[in-house]
Amino acid sequence: MKAAAAGLAAVVRPPLVAIAGNPNTGKTTLFNRLTKSDRKVANYPGVTVDRHEGKLTLPGGRLIAILDVPGTYSLSARSREEEIAIQSIAGLDGEHVPDLVVLVVDATQLSRNLYMALQILELEVPLVVALNMTDVLAARSEFIDTAVLSRELGVPVVPISALKGRGLDGLERAIELALASPASVRPGPRWIPDTADLREDVDIVVDALPPDWVRGSTSRARALAAWALLSVDDPDELASVPDSVRRVALARRTIAQSDGRQIDAEIIRGRYGWIDARMRSFMPPSTRGLGVSERVDTVLLNPWLGFAVFLFTMSVVFMALFSWSEPGIRAIEVGFGWLTDLVRGVLSPSIARDFVTDALIAGLGSVVVFLPQILLLFFFIGLLEDTGYMARVACIMDRLMRAMGLSGRAFVPMLSGYACAVPAILATRTMERQRDRTLTMMVVPLMTCSARLPVYTLVIAALFPPTMLFGFAPVQSLLLVAMYLFSTLLALVVAAVLSRTMLKARSVPLILELPPYRMPHWPSVVRQMLQKARAFLTEAGSVILVCTIILWGLLSFPKDGAVEARKQVIATEIAALESGSDVDSPAAQAQIEGLHAEAGDLAGESLRSSYAGTLGRAIEPTIEPLGFDWKIGIGLIGAFAAREVFVATMGVVYGIGDADEESATLRDRIRAETRANGEPVYTPLVGLSLMVFFALACQCMSTLAAVRRETKSWGWVVFLFVYMTALAWIASFVVYQGGRLLGFE
Amino acid sequence: MKRTTDIRPGDRARLVQVGGERSFRRRLMELGFLPGTTIRLVRRVAVGDLVEFEVRGGHISLRASEATALLFENDR
């Protein structure tokens, strides 16, 4: 049965066409042009690299699956991420051998792009070359004789413009023909090792190859042997190379070295030698002046003007996340508020109703509320990547970010962290190395995100006087600025420390291509944006939803029957009074006000006796040295849902119902709160300690959910939570106890 | 023998030797930085402390400190 089912699956599986090519060749644009339906994003096993697959119906009616192989300059690899290219094209490590590879070649950088074509031909995988950017070439009055190129390579060469959508019919027909007679587009290697020494190296490695690498093809075996000689290193991160192959490849390299030979250079030079000997036959040399992009870069990479443009661009991105997302966020909040009211109107008060409104709807709301920022950030990232400006950002920011052990590409995620850590963490995928991504994810949550602002606003307004320092500097604003500087400084310090300890890695030399500036392909930008949003909703969203439900349980149980009964009575009485005819009379108003006050007190009472209340009391000894009492402890627990929830939770704890950071009642209540000995709970020093705690503590389950999604590991999630909370505790302790030693209250 | 610091922006030079660690060397060679190839130094990017080269039609930036692994001679 099983075998039959597997056989059936093999019959049903449509032919797999892999689209490969160098980065910045318009590979993804072509993929998006070809696959209009049934596209899915998965993950390559073991690495956080998206695996994009889609379907296309060819003109003749045949359905094919198209795989977008991550862009690489060559098939040789050192890291796990680079290894994906060889796995996808040679069909190693669980990947299918593609039935056809479409190599996207940038016509403006022909010889470099042909290098990879030779590698694929050596592997004996059927190949069609899609010669992209032919329109750019024509505009420069240069041309490529595709007939000659096709003859030399032994495979079809189809001129296209992926950006403008030209030549795609021809490409689809070429794919169709190639699939019909694969042998005709599998002409075998163009370049073969051309010295006796190199042939010997290759043959000895061939003998060590496992059968599933060889698959009965000598040419394929030689190609994979050459690949291993070029790729295997001590150490490397390659996962698909068997130990036998690794040992032999390393040994041959050592022997060659002792003979004064460099295998790497011999192979690479051999392939380029083949290309260079034929270049003139299909592409006449030209004497081209400076390209447009190069002239644009004299401005955009200029120390003064270029830096100004950079600051402006980054300000726009930041403003978008910080301010432009606001209407969307508010609309979502209003929408979910409306939904809550709707449910409250339909269902009678009960635990089930509370569950629906306060756990389910609130949980969904707290997931969806991230969408405006995620969409905006990925819109801009798509734009920056597609136009080629992202490489310039990496260029300009490299020196600064390197000092912290990060790559220049970490800048945009770090900047986004000031708006919200969640989209910023999702944006770390723009970096190539997993280690760089992890390091960035570990520090981004320290940035002062917008959810901390309500807490700072409440504390500053309640506890610090609106006076001027030295007669001109407003104390309250200065404090807010200080909190931003503090968090930035700490993020930089933590990055510097982690990059020298836990995430210590050999610094990898930077090789950064500056691609020509191009118009973005809008559908691709929009598509990436939607994909990110969907991935967040499904993967991080479920974790956030579960956490919200658990938190709701902690804050709502156990229920006291008498209190609940009294709450119901009050609700009924208020409803009766409000629908009564003399609702506007002073007596009725006073009565309603009294009932509301009592309801507030009861809600506070429920919260204080809930599991969260018990937990707040339980953690009091640990937060007492920071100047916090158990009621603040409850607020800290509630804030785990999202930092700004702290404000509303404190409102309930103090029995004044729903409150926001502008609430004068809450401010007064905070100022009036006293300890058992009559001293005020909240002093400016406690306020400062509280703000420092919020600046550093990982009070955000959504951040943790996003880190879980991006690292695929709970280990980093635990580490992030523990180190940030520990850091917060220590810093608050130093502020509070240090302040007291210095005589502050 | 010249280092990148000896080449004026806009000038061409012939690459003689690629040093540095193996994976860096290999990737550079695959991008066209093969000894014997004529390469143009496009500019130095002061803000990021990088050097931009043009090789085989592509523009590649390296850190100034890491580009010291490249040795050149005058283009003939």
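In this convention, every chain numbers its residues from 1, walking through the sequence in written order. Chain letters start at A and ligand numbers start at 1, both assigned in the order the entries are written. Side-chain atom pairs in this predicted model are given and counted only at pLDDT of 80 or more, local residue features only at pLDDT of at least 70, and totals for whole chains, interfaces and linings cover all residues.

Novice: Just checking my understanding: could you explain the overall build of chain A for this structure?
Specialist: Starting at the N terminus, helices and strands are each numbered in turn, a helix being any DSSP run of H or I of at least four residues and a strand any DSSP run of E of at least two. When its secondary structure is counted, chain A shows 32 helices and ten strands. Counting only C-alpha atoms and orienting by the principal axes, one finds that chain A spans roughly 100 × 60 × 50 Å. Here a residue counts as buried when 20 or more other C-beta atoms sit within 10 Å of its C-beta, as exposed when there are 12 or fewer, and as partly exposed otherwise, the C-beta atoms being derived from the backbone. The 745 residues of chain A split such that 43% are buried. The contact criterion used here is simple: two residues whose C-beta atoms, placed from the backbone, lie within 7 Å are in contact. Counted over contacts in chain A with a minimum sequence separation of 6, partners at least 24 positions apart contribute 71%.

Novice: I would appreciate a short explanation of the overall build of chain B in the present structure.
Specialist: The helix and strand inventory of chain B stands at one helix and five strands. The N-to-C order of helical and strand elements in chain B reads β-α-β-β-β-β. Against the 2.2 N^0.38 benchmark of 11 Å for 76 residues, chain B shows a C-alpha radius of gyration of 11 Å, consistent with a compact globule. In terms of its C-alpha atoms, chain B occupies a principal-axis envelope of roughly 30 × 30 × 25 Å. Taking all 76 residues of chain B together, 51% fall into the buried category. Radius of gyration here is computed from C-alpha atoms only, and the compact-globule reference equals 2.2 Å multiplied by the residue count raised to the power 0.38.

Novice: Where do I start with the interface of chain A and chain B in this structure?
Specialist: Buried accessible area, meaning the area lost when the parts come together, often serves as the stated size of an interface. Contacts between the two partners involve 33 residues from chain A and, on the opposite side, 31 residues from chain B. Elements represented by at least two residues in the side of chain A that touches chain B include exactly helix H4 (110–122), helix H12 (263–282), helix H14 (305–346), helix H17 (389–403) and strand S10 (511–513) of chain A. Residue composition of the side of chain A that touches chain B, grouped by class: 17 nonpolar, seven polar and nine charged. Pairing of S10 of chain A with strand S4 (residues 58–63) of chain B involves three bridges; the strand directions are antiparallel. Residue pairing in the sheet places Glu 513 of chain A in a bridge with Ile 60 of chain B of S4 of chain B. The classification used treats Ala, Val, Leu, Ile, Met, Phe, Trp, Tyr, Cys and Pro as nonpolar, Asp, Glu, Lys and Arg as charged, and all other residues, Gly among them, as polar. Strands are labelled as partners when DSSP assigns at least two bridges between them.

Novice: It is not clear to me how the domain arrangement of chain A should be interpreted in this structure. Could you clarify?
Specialist: Residues and elements named next belong to chain A. Just so you know, the domain bounds were taken from an automatic or database domain assignment. When the domains of chain A are assigned, the result is domain 1 (12–185), domain 2 (196–269), domain 3 (290–557 + 623–745) and domain 4 (559–609). Inter-centroid distance (C-alpha atoms) of domain 1 to domain 3 is 40 Å. At the interface, eleven residues of domain 1 touch 16 residues of domain 3. When residues in the side of domain 1 that touches domain 3 are grouped by element, the largest group, three residues, is from helix H2 (residues 27–34). Across the side of domain 1 that touches domain 3, the residue classes tally to four nonpolar, six polar and one charged.

Novice: When you look at the packing of helix H15 (residues 351–368) of chain A against helix H23 (residues 522–556) of chain A in this model, what are you seeing that I'm missing?
Specialist: Any two packed helices are characterised by how steeply their axes cross, that is the angle between the axes, and by the distance between the axes. Residue and element names in this part refer to chain A. Each axis is a line fitted through C-alpha atoms, taken for helices only over the stretch in contact, and angles between the N-to-C directions span 0 to 180 degrees. For the pair H15 and H23, interaxial distance at closest approach is 8 Å and the crossing angle is 145 degrees. H15 and H23 meet at a crossing whose hand is right-handed. Facing Asp 354, Asp 358, Ala 359, Ala 362, Gly 363, Leu 364, Ser 366 and Val 367 of H15, the residues of H23 in contact are Leu 537, Gly 541, Ile 544, Leu 545, Thr 548, Ile 549, Trp 552 and Ser 556. Each residue belonging to the contact of H15 with H23 can be placed in one class, and the counts come to nine nonpolar, five polar and two charged. When the near helix sits turned anticlockwise from the far one by under a right angle, the crossing is termed left-handed; a clockwise turn instead gives a right-handed crossing.

Novice: Would you mind going over unusual backbone geometry with me for this structure?
Specialist: What you tend to see is this: most non-glycine residues have negative phi, and most peptide bonds are trans. Residue and element names in this part refer to chain A. Of the consecutive residues Asp 234 and Pro 235, the connecting peptide bond is found in the cis state with omega at 5 degrees. Mapped onto the secondary structure, Pro 235 falls in the loop between helix H10 (218–231) and helix H11 (243–258). The omega angle of the peptide bond from Phe 557 to Pro 558 is -5 degrees, so this bond is cis rather than trans. Phi at Asn 24 is positive, roughly 65 degrees, even though this residue is not glycine. Relative to the elements of secondary structure, Asn 24 occurs in the loop between strand S1 (16–21) and H2. On the basis of neighbour count, Asn 24 is assigned to the buried category, with 20 C-beta atoms found within 10 Å. At Asp 93, a position not held by glycine, the phi torsion is positive, near 55 degrees.

Novice: What is the right way to read the sheet that holds strand S1 (residues 12–18) of chain B from this model?
Specialist: Strand pairing in a sheet relies on backbone hydrogen bonds, with the paired strands running either antiparallel or parallel. An order of S10(A)-S4(B)-S3(B)-S2(B)-S1(B)-S5(B) is seen for the six strands of this open sheet, with the pairing classed as antiparallel. Every interior strand has two partners, whereas the edge strands, S10 of chain A together with strand S5 (70–74) of chain B, have only one. Within the sheet, the average angular offset between the axes of one strand and its neighbour, ignoring direction, is 45 degrees. The pairing of S1 of chain B with S5 of chain B spans five bridges and is antiparallel. The residue of S5 of chain B that forms the bridge with Leu 15 of chain B is Phe 72 of chain B. Contacts from H17 of chain A reach S10 of chain A together with strand S2 (38–45), strand S3 (50–55) and S4 of chain B within the one sheet, and its direction differs from that of S10 of chain A by about 140 degrees.

Novice: What is the right way to read the confidence of the model for chain A from this model?
Specialist: In regions of low pLDDT, the predicted coordinates are not meant to be interpreted in detail. Each residue carries a pLDDT value, the predictor's own confidence for that position, ranging from 0 to 100. Across chain A, the average pLDDT comes to 89, with 97% of residues at or above 70. Per-residue pLDDT stays below 50 along residues 1–6 of chain A; that stretch engages in zero contacts with residues further than four places along the chain or on separate chains.

Novice: Would you explain the nonpolar core in this entry?
Specialist: Soluble globular proteins: nonpolar side chains tend toward being buried together. Ranked by internal contacts, the top residues of the largest apolar core, which has 227 residues, are Ile 19, Ile 89, Leu 103, Leu 127, Val 128, Val 129 and Ala 130 of chain A. Residues within four places of Ile 89 of chain A in sequence aside, it is in contact with Ala 18, Ala 20, Val 69, Leu 75, Pro 98, Val 101, Ile 120, Leu 123 and Val 125 of chain A. In these notes, a nonpolar core means any group of buried Ala, Val, Leu, Ile, Met, Phe, Trp, Tyr and Cys residues linked to one another through C-beta atoms within 7 Å.

Novice: Please clarify how the environment of Leu 34 of chain B should be interpreted in this entry.
Specialist: Secondary-structure assignment places Leu 34 of chain B in the loop between helix H1 (22–30) and S2. Along the sequence, Leu 34 of chain B and Val 55 of chain B sit 21 residues apart, while their C-alpha atoms lie 9.7 Å from each other. Not counting residues within four places of it along the chain, the set of residues in contact with Leu 34 of chain B comprises Ile 268, Arg 269 and Tyr 272 of chain A together with Leu 15 and Met 29 of chain B.

Novice: Can you walk me through helix H28 (residues 645–653) of chain A in this structure?
Specialist: Since the α-helix advances by 3.6 residues per turn, residues separated by three or four positions end up pointing in the same direction. Residues and elements named next belong to chain A. In terms of burial, H28 is a largely internal element, nine of the nine residues being buried. What H28 keeps buried is the set Val 645, Phe 646, Val 647, Ala 648, Thr 649, Met 650, Gly 651, Val 652 and Val 653. Taken together, the buried residues of H28 touch helix H21 (453–463), helix H25 (586–608), helix H27 (630–638) and helix H29 (664–672). Directly after H28, the chain includes Gly 655, whose backbone phi takes a positive value near 70 degrees.

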